[in-house]
Amino acid sequence: MTDLPRIPLAGVIGHPIAHSRSPLLHGHWLARYGIKGHYIPMDIAQDDLPQALSMLPKLGFVGVNVTIPHKERVLKLAEVVTDRAALIGAANTLIFRADGKIHADNTDGVGFMANLRQLAPQWQASQGPAALFGAGGAARAVIAALIEAGIPEIRIANRTRLRAEVLQADFGGRLVVYDWLHAGEMLDGAALVINATSLGMTGKPDLRLPLDRLAAGTVATDLVYTPLMTPFLIEAQARGAHIVDGLGMLLHQGAPGFERWFGHRPEVDEATRAAVLGL
Ligand code: ATR
């Protein structure tokens, strides 16, 4: 009897995992392209991570997305780490290679840039400074991508100033740290404004920063996508900014993994958005 080809499995690992929208995203693409494969959410506790990563390839998994709290730790468990994942200090995409090695990548930054390219095509990194609120893991990925894209300056403010200073030490002179209390001043002459804090997310306080220095036509984007229209984006739009919501970053960061696992470059369009929003 000839062996039937194995149906490729992929998924997302995290703890908790129920909130993840990645199964909707990849499920949509699998159905859309008629690919025989499955994408499964897996709740894996911290202590079980090494064992799970060694078992998943044997069970037929070709790779996984990684979310909180495993994004940093998987770097130590992978044999091959891309430069950008090493620079960001976290991975969101693993590929289980045929030779048994785990390849770790971080596609958050490329997702961020692809979302801007699609929804704010007039914006160019070389145009002027970016103003960034927040200095967590998401901010790191954004900074790495903006520097790679040739941004001249990134102004950064974070409630805990030290975290912004650590980023400045890691990424160098193009970062200028502002005090959180003076964060509104970063908007003077900025071509791009980014909220990379968790403020504005459902159940969290709003990002309450004065936006009076935001010039009309500036691109404003939020990494928060629940809700899609955050109070920050609503106010930025009222001031004439070109706004880009955060859902597209989630969709675009998933595309490289899908392509590697299932062999088809997926599209990100209105149908993709609708599927992930459960419309
Ligand atoms: P992520 O990986 O999503 O970036 P994170 O590393 O926990 O998550 O970072 C969350 C970001 O939101 C940080 O910049 C955090 O500021 P601190 O470094 O001072 O904690 C910011 N943040 C969260 N709650 C905040 C609040 N109430 N006020 C101001 N900033 C807040």
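Since we're looking at a predicted model, the values are computed, not measured. (Residues numbered from 1 in each chain as written. Predicted model: local features only at pLDDT ≥ 70, side-chain atom pairs only at ≥ 80, totals over all residues. Heavy atoms only, no water.)

1. Points about helix H9 (residues 247-262)
Point 1. Between its first and last C-alpha atoms H9 spans 22 Å; for 16 residues at 1.5 Å apiece the expected length is 22 Å, and the two agree.
Point 2. Of all the bends found along H9, the most pronounced is centred on Ala255 and spans about 25°, while Pro256, a proline, follows it within four residues.
Point 3. Burial within H9 is extensive, with 13 of its 16 residues counted as buried.
Point 4. Phi turns positive, to about 75°, at Gly263, one or two residues after H9. (Helix = DSSP H or I, 4+ residues; strand = E, 2+ residues; numbered from the N terminus. Expected span 1.5 Å × (residues − 1). Bend = angle between axes of the 7 residues up to and from the residue. Buried < 20%, exposed > 50% of the residue type's maximum accessible area, 1.4 Å probe, protein only.)

2. Description of the packing of helix H5 (residues 108-119) against H9
Point 1. Orientation of H5 relative to H9, taken along the N-to-C sense of each, is 120°, at an axis distance of 7 Å. Taken together, the axes of H5 and H9 are oblique relative to one another. Taken as a pair, H5 and H9 cross one another with a handedness that is right-handed. Taking contact as the criterion, the partners of Asp108, Val110, Gly111, Phe112, Ala114, Asn115 and Gln118 in H5 are, on H9, Gly248, Met249, His252, Gln253 and Pro256. (Axes fitted to C-alpha atoms, helices over the stretch in contact; angles between N-to-C directions. Parallel < 35°, antiparallel > 145°, perpendicular 65-115°, else oblique. Left-handed = near helix turned anticlockwise from the far one by under 90°. Contact = heavy atoms within 4.5 Å.)

3. Regarding the sheet that holds strand E4 (residues 80-81)
Point 1. Taken in spatial order, the six strands make up an open sheet running E2-E1-E3-E5-E6-E4, and their pairing is mixed. Looking at the sheet topology across the chains shown, the edges are occupied by strand E2 (38-43) and E4.
Point 2. Bridge count for strand E5 (residues 93-96) against strand E6 (residues 102-105) is four bridges, and the pairing is antiparallel. Across the sheet, the residue bridging to Thr93 is Asp105, located in E6.
Point 3. Its contacts with the sheet place helix H1 (residues 22-32) against strand E1 (9-14), E2 and strand E3 (61-66), and it is angled at close to 170° to E2. (Pairing = 2+ DSSP bridges.)

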